[in-house]
Amino acid sequence: MVPPKTMVIISLYEKICNPKSNIIIVSKETSLCPCCNQRLSVYDKRNRKIIESDGTTVIYVIRRLKCTSCGKLHNELPDLIQPYKHYACEIVESELDGTGTSCPADDSTIRIWNKQFSANRQRLDSILKAEWIKCYKKQISLTLDSLLNRFMTHGTGWLTNVTQTNTTSESNRCRVHSILNQRS
Ligand SMILES: [Zn+2]
C-alpha cells in the first residue's frame, strides 16, 4: 500500500487504444524524480494488466522514466492504477472506504487490501499532517482527528491523492494542497 519512491503518479493523461487492443497512456504532465526532484527522461515502456470494475482485464502501456541525475527508474502510473495492485484504483478505494457495492476481487484479496491499509494508516496520517504543516507553516490543530479520515470522506480520488502525497516529489503535490485548502 505504501510504496517507496519508485514511481510517479500522473493525473493528466490521454488513453489511446492501439491495434493490439492495449491502451497506451500518454502523459500530459512533466514529472520530476521523486527521489531528487530532477528531470526524468523516457527509458522504456511496459505493460500493466489491470482488472476493471466489471471484471474485464485491460492492458495499459505505461512508461518507465529514468532520472537524469540519480539514474533511478520510476514507473509512470496513471491515477487509475494503484502501485502494486492488479485492480483499478476505484475498486480498491471503494473497498477501503466502504462505498463499494460489488467487487471483482475475491474476499482474501480484499482482506489483504484492508490489512495493508490498516497497517499504514498511522504513517499515512503523519505524512498528510506533515504536508499540512508545510503548507500552512503552522502546527496542525487536528490533534484528535485523523487527516486521513478527512481525505477518505472527500469522495472519489482520495486514495490517489494520499498515494501521491506519499510518492511524488514536492512540486507535484498541487492536488493534495487543493484538498488541504478545502479542508482548512
Ligand atoms: Zn533522481
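Description of the structure in this document. Only a predicted model underlies this, so the values are computations on that prediction, with no experimental measurement involved. (Residues numbered from 1 in each chain as written. Predicted model: local features only at pLDDT ≥ 70, side-chain atom pairs only at ≥ 80, totals over all residues. Heavy atoms only, no water.)

So, about the coordination of the zinc ion. In an ideal tetrahedron of four donors about a metal, each angle is 109.5 degrees. In an ideal octahedron of six donors, the angles are 90 or 180 degrees. Ligation of the zinc ion by protein atoms is provided by Cys 33 (SG), Cys 36 (SG), Cys 67 (SG) and Cys 70 (SG), these donors lying 2.3 Å from the ion. For the zinc ion, the 4 donor atoms in the first shell make angles of 97 to 122 degrees at the metal, a pattern classed as tetrahedral. Each donor residue of the zinc ion belongs to the same chain, with the gaps between them written as C-x2-C-x30-C-x2-C. Here the residue Cys 33 occupies a position in the loop between strand 3 (23–27) and strand 4 (40–51), and Cys 70 occupies one in the loop between strand 5 (57–67) and strand 6 (73–78), the gap between them amounting to 37 residues. For Cys 33, a relative accessible area of 0% puts it in the buried group. (Donors = N, O, S within 2.8 Å, 3.2 Å for Na, K, Ca; no water. Tetrahedral: all angles 85-135°; square planar, octahedral: opposite > 155°, others 65-115°. Helix = DSSP H or I, 4+ residues; strand = E, 2+ residues; numbered from the N terminus. Buried < 20%, exposed > 50% of the residue type's maximum accessible area, 1.4 Å probe, protein only.)

Of the two faces of strand 1 (residues 7–10), the one holding Met 7 and Ile 9 and the one holding Val 8 and Ile 10 are both buried throughout. Relative to strand 6, strand 1 is paired through 4 bridges, and the arrangement is parallel. Across the sheet, Met 7 pairs through a bridge with Asn 75, a residue of strand 6. (Pairing = 2+ DSSP bridges.)

Glancing now at the packing of aromatic side chains. Taken as a whole and assessed by the stated rule, the structure comprises 2 aromatic pairs. Ring geometry for Tyr 87 and Trp 113: centres 5.4 Å apart, planes at 75 degrees, overall edge-to-face. On the criterion of sequence distance, the pair formed by Tyr 87 in the loop between strand 6 and helix 1 (89–96) and Trp 113 in helix 2 (residues 107–136) is long-range, its members being 26 residues apart. Summarising the burial analysis for this pair, Tyr 87 and Trp 113 share the class buried. Relative to Trp 158, the ring of Phe 117 has its centre 5.7 Å away and its plane inclined at 55 degrees; by these criteria the two rings are tilted. Here Phe 117, found in helix 2, pairs with Trp 158, found in helix 4 (residues 158–167); they are 41 residues apart in sequence, far enough to count as distant. By relative accessible area, Trp 158 is classed as buried at 0%. (Phe/Tyr/Trp six-rings, centres within 6.5 Å; stacked < 30°, edge-to-face > 60°.)

In this section: the packing of helix 1 against helix 2. Two elements in contact, helix 1 and helix 2, have axes whose closest approach is 10 Å; the angle formed by their N-to-C orientations is 70 degrees. Relative to helix 2, helix 1 is oriented roughly perpendicular. For the pair helix 1 and helix 2, the sense of crossing is right-handed. In this structure, helix 1 contributes Ile 91, Val 92, Glu 95 and Leu 96 to the contact, and helix 2 contributes Ile 110, Trp 113, Asn 114 and Phe 117. (Axes fitted to C-alpha atoms, helices over the stretch in contact; angles between N-to-C directions. Parallel < 35°, antiparallel > 145°, perpendicular 65-115°, else oblique. Left-handed = near helix turned anticlockwise from the far one by under 90°. Contact = heavy atoms within 4.5 Å.)

Structurally, the position occupied by Glu 76 is in strand 6. At 3.3 Å, the side chain of Glu 76 forms a polar contact with the side chain of Ser 27. A polar side-chain atom of Glu 76 sits 2.8 Å from a polar atom in the side chain of Arg 63. (Polar contact = N/O pair within 3.5 Å; in protein donor to acceptor, adjacent residues only side chain to side chain.)

Our next topic: the pairing of strand 5. In this structure, strand 3 lies alongside strand 5, joined through 2 bridges in parallel fashion. Each bridged residue has a counterpart across the sheet, and for Ile 23 the counterpart in strand 5 is Tyr 60. Two elements, strand 4 and strand 5, share 11 bridges in a ladder whose sense is antiparallel. In the strand pairing of strand 5, Ile 51 is matched with Thr 57. Linkage of strand 4 to strand 5, two consecutive antiparallel strands, is achieved through a turn of 5 residues, within which Gly 55 is found at a positive phi near 90 degrees. Bridge count between strand 5 and strand 6: 4 bridges; the pairing is antiparallel. Paired with Arg 63 across the two strands is Glu 76, which belongs to strand 6. Between strand 5 and strand 6, which pair antiparallel one after the other, the connecting turn spans 5 residues, and Gly 71 there sits at a positive phi close to 80 degrees.

You can see Arg 46 is positioned in strand 4. Distance from Arg 46 to Arg 64, taken between C-alpha atoms, is 7.2 Å for residues 18 residues apart in sequence. Excluding residues within four positions of it along the chain, Arg 46 makes contact with Tyr 60, Val 61, Ile 62, Arg 64 and Asn 75.

Bear in mind that shape data such as this cannot, by itself, settle questions of function.
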